[in-house]
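So you can see what is in the structure, the chains are spelled out below.
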Amino acid sequence: MDIDLSFVWAGIIAFAVLAYVVLDGFDLGIGIVFPFFRKRRDRDIMTNSIAPVWDGNETWLVLGGGGLMAVFPLAYAIIMPALYMPIILMLVSLIFRGVAFEFRWRTHDESHLWDFGFWIGSSIAALMQGISLGALVQGIVVNGRQYAGGWWDWLTPFSILTGVAVLTGYALLGVTWLNLKTSGDIQARSALLARPLSVALLVLIGIVSLWTPFINRIYFERWFGWPTAFFSSLVPLLLAGCAFLLWNGLNSGKHLQPFLAALGVFVLSFAGLGISFYPYIIPGVLTIREAAAPESSLMFLLVGAVVLLPMILAYTAYAYWVFRGKIDPEEGYH
């Protein structure tokens, strides 16, 4: 049986993007909720909870972006000009956020300025990721084999809505992570914040879900045509299950369950996007097979991926295993 390497690579890149969202999402969320924790000691404990893993989480962003360029060069050449501004803003924000993370430990008198930098960098990065997603979902204007839209096509009411949804979702991941990793007052306030954030996220997901099928005929057919309607109908049911587990975990004082349930919301939302997009990489314009590099290139790159992916998964899992459990307030990154 012949294996279509373009779809294998589409799966690998989709996995890398999902891994980035669920892993880097919660540490971006820590920065987003910084204003709700005023004391420096609280913020030190919060950043200590992600210090061992936050930069490693961004490995998946490099893999996803680099993989798209190498494996689907035509899609990369069309998507990048359409999303130059939000992607540049996202990358600059991630860099500034990283600098602020390090510098806030080096000064006490100006630490509040770097805390502001960590918050604004995290927030803009999350917002731009959501806006980029919304711009891709709403469609990209293509003429021949190149982008033919305007400079500001990415900025629409729909893309702003998806940006706010991602920002809210990352904040929810951040507070459920703090609920898992901290104790005392920080843990209690995080659990308290998780309730309104979970309601806001579910409302935003509902609005985006109702809007999306009417953006493009392809989405409408995927969501309501047979047999894809069977799979698309499962997504909201499973989302309701995750919402129940999230709320139940918060109300019963559980620590791990709310975080896993919040991750589940993201995974299911990602699955909904997959149902909407397949087999397109740019909706209605370019399929996965049409955008792929030559077969020989895909095979060459796959050999490297087969070696590197297990290594990335192994050191990521090891880092989380070593630093498992609650944060000791007296120890951490200094």
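The structure displayed is predicted, hence computed values, not measured ones.

A. Examining unusual backbone geometry more closely. Residue Tyr278 is joined to Pro279 through a cis peptide bond whose omega torsion reads 0°. Along the chain, the position of Pro279 falls in the loop between helix H12 (256-277) and strand S3 (280-282).

B. Representation of a nonpolar patch on the surface within the structure. Together, Tyr84, Ile88, Val92, Trp151, Trp152, Leu155, Ile160 and Val164 line one region of the surface with nonpolar side chains, adding up to about 760 Å² of accessible area. Within the residue set of the nonpolar patch, elements represented by two or more residues are helix H6 (84-103) and helix H8 (157-181).

C. Highlighting the packing of aromatic side chains. Within this structure, the stated rule accounts for 17 aromatic pairs. Judged by centre distance (4.8 Å) and plane angle (40°), the rings of Trp54 and Phe101 are tilted. Of the two residues, Trp54 sits in helix H3 (residues 54-57) while Phe101 sits in helix H6, which places them 47 residues apart along the sequence. Each member of the pair, Trp54 together with Phe101, is buried. When the centroid spacing of 5.3 Å and the interplanar angle of 75° are considered together, the rings of Phe158 and Trp211 count as edge-to-face. Note that Phe158 is positioned in helix H8 and Trp211 in helix H9 (residues 184-211), a separation of 53 residues in sequence. Through a chain of ring-to-ring contacts, three or more aromatic side chains come together here, namely Phe26, Trp177, Phe259 and Tyr320. Positioned above the aromatic ring of Trp321, the side-chain terminus of Arg324 is 3.8 Å from the ring centre.

D. Structural view of the pattern of salt bridges. Scanning the model with the defined rule gives 9 salt bridges in all. One network of salt bridges, with partners in common, ties together Arg40, Arg43, Asp44, Arg104 and Asp115.

E. Quick peek at the nonpolar core. Trp9, Phe72, Ala75, Tyr170 and Ile281 are the most contacted members of the largest nonpolar core, which totals 102 residues. With near-sequence residues (within four places) excluded, Tyr170 lies in contact with Tyr20, Val21, Gly25, Leu28, Gly29, Ile32, Ala126, Gln129 and Phe266.

What counts and how
- Residues numbered from 1 in each chain as written.
- Predicted model: local features only at pLDDT ≥ 70, side-chain atom pairs only at ≥ 80, totals over all residues.
- Heavy atoms only, no water.
- Helix = DSSP H or I, 4+ residues; strand = E, 2+ residues; numbered from the N terminus.
- Patch = residues over 30% accessible without salt bridge, like charges linked within 9 Å, V, L, I, M, F, W, Y side chains within 5 Å.
- Areas by Shrake-Rupley, 256 points an atom, 1.4 Å probe, with all protein chains shown as cover.
- Salt bridge = Lys/Arg side-chain N within 4 Å of Asp/Glu carboxyl O.
- Phe/Tyr/Trp six-rings, centres within 6.5 Å; stacked < 30°, edge-to-face > 60°.
- Buried < 20%, exposed > 50% of the residue type's maximum accessible area, 1.4 Å probe, protein only.
- Lys NZ or Arg CZ within 6 Å of the ring centre and 35° of its normal.
- Core = buried A, V, L, I, M, F, W, Y, C linked by side-chain atoms within 4.5 Å.
- Contact = heavy atoms within 4.5 Å.

None of this, on its own, says anything about what the molecule does.
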